[in-house]
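# A structural walkthrough
These are the residues of each chain, in order.
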Amino acid sequence: MSHAAPLQRAVRAALTVALVLIFLAAYLRIAHTQSIKNRDMRWSDQSAFMDDTAKVYETRFTYTGSRNRMPLYPFLQALFYSPELSSEAFFQHGKRLNIVLSLFCVAALAYVFFTRFSRLYAAYAMLLIALVVFAIKSPFFQAELLFYTLFGLAFILSIDTINAPNKYKTVALGAMFALCQYTKASAMPGLFIFAASYGLLVLTKLGKRELNAACATNILFSAVMPIFVFLLLLSPYLLESKEKYGTYFYNVNTTFYLWYDSWDEAFSGTYAAGDLVGWPDLPDDEIPSLSKYLEEHRAQDIVDRLINGVTQMVKSACVIDHPFMYAYGYCSQVALSLVVLAGSLFVVMKNGRASLSNETGQAVFYVCLFFFVYFAAYAWYMPIINFRGARTVLSLLIPLMWTIGLVVHHPRILSLQVTIRERDINLLHLVYALISLTLFVEIFRLVTFGASVYWAGA
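Numbers given to residues run from 1 along each chain, matching the order in which its sequence is written. In keeping with the predicted nature of the model, local features appear solely for residues at pLDDT of at least 70, side-chain atom pairs appear and are counted solely at 80 or more, and the whole-chain, interface and lining totals rest on all residues. Hydrogens and water are ignored here; the side-chain numbers use all heavy atoms of the structure.

Turning to the overall build of the chain, a few remarks are in order. Put simply, DSSP marks the helices as runs of H or I at least four residues long and the strands as runs of E at least two long, and each gets a number from the N terminus on. Within the chain, the secondary structure is distributed over 19 helices and two strands. Within these notes, the globule rule equals 2.2 Å times the number of residues to the 0.38 power, and the radius of gyration is based on C-alpha atoms. In terms of overall size, the chain behaves like a compact globule, its C-alpha atoms giving a radius of gyration of 24 Å where 458 residues would be expected to give roughly 23 Å. Taking all 458 residues of the chain together, the buried fraction comes to 47%. Any two residues whose heavy atoms approach within 4.5 Å at even a single point are treated as in contact. Contacts spanning at least 24 positions in sequence make up 75% of the contacts within the chain whose residues lie at least 6 apart. When the accessible area of the chain is evaluated, it comes to approximately 22,900 Å², of which 66% is carbon and sulfur surface. Computing the positive centroid from 35 side-chain charges and the negative centroid from 29, the chain places the two 14 Å apart. Think of it in three bands: with a 1.4 Å probe and only protein chains considered, a residue is buried below 20% of the maximum accessible area for its type, exposed above 50%, and partly exposed in between. Each accessible area is a Shrake-Rupley estimate made with a 1.4 Å probe; only the visible protein chains count as cover when residues are assessed. Charge convention: Lys and Arg are scored as positive, Asp and Glu as negative, and His as well as the terminal groups of each chain are ignored. The atoms used to mark charge sites are NZ of Lys, CZ of Arg, CG of Asp and CD of Glu.

Next comes the structure, spelled out in structure tokens:
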């Protein structure tokens, strides 16, 4: 027995190393294959990110962009830029750097998933995120994978802060959302949804007569401090936007393009009028806005745009231009995960309405509003990006897998057992062992031929 324990540890360590090496081999194989397919820097905004990177380097890191793309990713690329590189060499160099960056992102996500969830679920979630999404998107000169990671971590930290608040988490949350916003200008709604969730908490405590001065102070601090830190860290960028473009939160996508019906309208509108260099040179009545959109469109137009956006977003993300056999592998996995989520929620709630603590109710409100707002926003924006929605909607994958993880690890789910040949097996483990088999099929397809067929930059 004294010699058995060290031997077992050595075997486990060797097995872990072998699995990590197999994972890295599959990841790099997928990335390399897709890198060969991604041969034109003009595709999928890559040349625009390259131009921003060169300007950041040439201005000694003072260039913050034209308020279309955000500056954090070009700043990271500029750390490794050399003006001696040709355009093609720079393109290849940037793709390789993004592969390395993506592996660091995967490592950070793996740490939080394996720390919080069972090894089987964490392994499944990370294989899906890493090999089916990150690996094939890694050889692109784009900010997406960095944003997915920061956005996912901000979502995770939001729920953790709601469930177990303290001052350090609220400060960290504001900083995390600021990093997200510096990567892509779509993080701010998530922060304000987090703050709005405290409104529900206040109403709940008022109804239970639990709200006192000390409690109200803590709630106000938790809701406001992340916003304060967020604005503080963004203040240099916001002040520059105010000086150059006339408004603090200027971004051509959210300020103008969001309120057009198509990219052709935006291209011939504010874009043609110079919205990238300053406030567009157009009469006030031709500047798009929410109020102008509502004046010119019926309620049915809005509903139709959302429905069409959802339909096209799912089609774009799953099928693109290929037959079904070439559909992205994550679509089938997301569908299976949603079935598991629905089943788990049914089990949790089947014995009558579950009694929720104040914090759990607040977290449920935050999660539901978060997914509703972002999914609707991405669907709404589909006409502006010519119905290519994979890049946008994939930002919700990490939050989705974290949410599913929280639900399937509910005590009622963990207590479920099935008996097979007189042996009790945890139902959760059985379900994810079976689903993992389908995931391995998707990974095999990617490694063998999928990465050479799919176009992952859209």
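All right, on to helix H8 (residues 188–207) then. Given 3.6 residues per helical turn, the α-helix brings residues three or four places apart onto the same face. By definition here, a helix of n residues has an expected span of 1.5 Å times n minus one. With 20 residues, H8 should reach 28 Å at 1.5 Å per residue; the first-to-last C-alpha distance of 30 Å fits that figure. Here H8 has its buried residues at Gly190, Leu191, Ile193, Phe194, Ala195, Ser197, Tyr198, Leu201 and Lys205. Each element contacted by the buried residues of H8 is listed here: helix H6 (144–163), helix H7 (167–183), helix H9 (213–245) and helix H15 (358–381).

This part is about the environment of Ala216. Mapping Ala216 onto the fold places it in helix H9. Residue Ala216 is classed as partly exposed on the basis of its relative accessible area of 32%. Residues Ala216 and Leu201 lie 15 residues apart in sequence; the distance between their C-alpha atoms is 10.0 Å.

Glancing now at the environment of Met126. The residue Met126 is located in helix H5 (residues 119–137) in this model. Overall, Met126 belongs to the buried group, its relative accessible area being 6%. Sequence separation between Met126 and Phe113 is 13 residues; the distance between their C-alpha atoms is 7.7 Å. Every residue in contact with Met126, bar those within four places of it in the chain, is listed here: Val106, Leu109, Ala110, Phe113, Phe114 and Leu131.

Attention now moves to the nonpolar core. Phe113, Phe134, Tyr366 and Met401 are the most contacted members of the largest nonpolar core, which totals 109 residues. Those residues in contact with Met401, other than ones at most four positions away along the chain, are Phe113, Tyr121, Tyr124, Ala125, Leu128, Ile129 and Ser337. Counting 13 residues, the second-largest nonpolar core is a separate cluster that includes Val252, Tyr257, Tyr260 and Ala266. Nonpolar cores were defined as sets of buried Ala, Val, Leu, Ile, Met, Phe, Trp, Tyr and Cys residues, with membership established by side-chain atoms within 4.5 Å.

Note on aromatic contacts: the rings of Phe and Tyr and the six-membered ring of Trp form a pair at centre separations within 6.5 Å, being stacked when their planes are under 30 degrees apart, edge-to-face when over 60 apart, and tilted otherwise. A complete count under the given rule lists 40 aromatic pairs for this structure. Consider the rings of Phe113 and Phe117, whose centres lie 5.9 Å apart with planes at 55 degrees: the pair is tilted. Overall, Phe113 belongs to the buried group, its relative accessible area being 0%. Residues Phe370 and Tyr374 carry aromatic rings whose centres are separated by 4.9 Å and whose planes lie at 45 degrees to one another, so their mutual orientation is tilted. Here Tyr374 and Phe370 lie together in helix H15, a separation of four residues that amounts to about one turn. Of the two residues, Phe370 and Tyr374, both sit in the buried class. Each member of the aromatic cluster is reached from another via a ring pair, and the members are Phe147, Phe151, Phe155, Phe194, Tyr198, Tyr366, Phe370, Phe371, Tyr374 and Tyr378. Taking NZ or CZ as reference, Arg67 lies 3.8 Å from the ring centre of Tyr237, over its face. Whether a charge lies above a ring is judged from NZ of Lys or CZ of Arg, which has to be within 6 Å of the ring centre and within 35 degrees of the ring normal. Over the aromatic face of Phe49 sits the side chain of Arg69, whose NZ or CZ is 5.9 Å from the ring centroid.

Before going further, it helps to spend a moment on the side chain of Thr403. When you line up the elements, Thr403 lands in helix H17 (residues 397–408). Think of a polar contact as two N or O atoms within 3.5 Å of one another; within protein, one of them needs to be a possible hydrogen donor and the other a possible acceptor, and neighboring residues in sequence only count if both atoms come from side chains. Within the local environment of Thr403, its side chain forms a polar contact with the backbone oxygen of Pro399, the two atoms lying 2.8 Å apart. If near-sequence neighbours (up to four positions away) are discounted, Thr403 is found in contact with Phe155, Val367 and Phe371.

Our focus in this paragraph is the packing of helix H4 (residues 87–116) against H17. Every angle, taken between N-to-C directions, lies between 0 and 180 degrees, and every axis is a line fitted to C-alpha atoms, over only the stretch in contact when it is a helix. Packing of H4 against H17 leaves a shortest axis separation of 11 Å and a crossing angle of 10 degrees. Compared by their axis directions, H4 and H17 come out roughly parallel. Packed against H4, whose contacting residues are Leu109, Val112, Phe113 and Arg116, the element H17 presents Ile398, Met401, Trp402 and Leu406 at the interface. Residue polarity follows a fixed list, in which Ala, Val, Leu, Ile, Met, Phe, Trp, Tyr, Cys and Pro are nonpolar, Asp, Glu, Lys and Arg are charged, and the others, Gly among them, are polar. Along the lines of polarity and charge, the residues of the contact of H4 with H17 split into seven nonpolar, no polar and one charged. Angles below 35 degrees are treated as roughly parallel, those above 145 as roughly antiparallel, those between 65 and 115 as roughly perpendicular, and all remaining angles as oblique.

Turning next to unusual backbone geometry. The residue Ser44 is not glycine, and still its phi comes out positive at about 55 degrees. Along the polypeptide, Ser44 turns up in the loop between helix H1 (4–37) and helix H2 (46–58). Residue class for Ser44 comes out buried when judged on its relative accessible area of 17%. Unlike most non-glycine residues, Arg60 shows phi in positive territory, near 55 degrees. You can see Arg60 is positioned in the loop between H2 and helix H3 (72–78). Assessed through its relative accessible area of 74%, Arg60 is described here as exposed.

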